[in-house]
Amino acid sequence: REFGRVVMNTSNVKVWPHMTIVAVICAIVAGLGVGWWVRHERTAEASAIPNAARIQRVDGNVALNNAGSNNAPSDADWVEATPNQPFSVGDRIYTRENSHASLAFTGRDFARLNPNTSLDVLSLADQRTQLALRDGSAMFDVGYLAPGELFEVATPYGAVDLQRPGAAPRWQGIGALVAIAAHG
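Computed from a predicted structure; not experimentally measured. (Residues numbered from 1 in each chain as written. Predicted model: local features only at pLDDT ≥ 70, side-chain atom pairs only at ≥ 80, totals over all residues. Heavy atoms only, no water.)

K.L.:
What am I meant to see in the overall build of the protein chain here?
P.N.:
The secondary structure content of the protein chain amounts to one helix and 15 strands. When each of the 184 residues of the protein chain is scored for burial, the buried share is 31%. In the protein chain, 45% of the contacts between residues at least 6 apart in sequence involve partners at least 24 apart. (Helix = DSSP H or I, 4+ residues; strand = E, 2+ residues; numbered from the N terminus. Buried < 20%, exposed > 50% of the residue type's maximum accessible area, 1.4 Å probe, protein only. Contact = heavy atoms within 4.5 Å.)

Structure (structure tokens):
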């Protein structure tokens, strides 16, 4: 006789059907848990995703700095712009000598950058598009503005708030108004 020792005969216990049932139940519960988690996982809301615009057409040498910073861009940050290339807030687009770029913004708003032009994207929010024409000249065509929307182009000498659809004045970066063409 031994005290404190229990001897068990395991040769008579059938484990496999019980363990199989337990494993199947665990797999089902795990699958349901993963399915519930994927369905209820928090994703980025549409309001948190920044709007993007695109470079619609490129004629000549056009560069894009998509570093997303307000600092002076370094040579390493510039890439050659291509048609249909997206850009967003914080980006700068530069057209070189004898080059043009056509830009498409949200809605039906467009811009055509003339040679030697630098344009910064300040805001592409649902109700506000703000751009900074640092140097050169460009033509802006606002196709649609809902009540309360803003399309603004800043220059070193002032800003223009476009409040109704139409082709905007052609602005030069030095702040001089070159021509007015309106439609719509």
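K.L.:
I would appreciate a short explanation of the pairing of strand β9 (residues 128-135) in the present structure.
P.N.:
Put simply, side chains in a regular strand alternate between the two faces of the sheet. Across six bridges, the pairing between strand β8 (residues 117-124) and β9 is antiparallel. Within β9, the position partnered with Ser-118 by the bridge is Asp-135. Between the antiparallel neighbours β8 and β9 lie three residues. Pairing between β9 and strand β11 (residues 150-155): five bridges, direction parallel. Bridged to Thr-129 within β11 is Phe-151. (Pairing = 2+ DSSP bridges.)

K.L.:
Can you walk me through the pattern of salt bridges in this structure?
P.N.:
Opposite charge on two side chains allows them to pair when their charged atoms are near. Scanning the entire structure with this criterion turns up four salt bridges. One salt bridge in this structure joins Arg-134 and Asp-120, with 2.8 Å as the shortest N-O distance. Placement of Arg-134 in strand β9 and of Asp-120 in strand β8 is noted, with a sequence separation of 14 residues between them. On the basis of relative accessibility, which here comes to 8%, the residue Asp-120 falls in the buried class. (Salt bridge = Lys/Arg side-chain N within 4 Å of Asp/Glu carboxyl O.)

Honestly, it's all geometry; don't read function into it.
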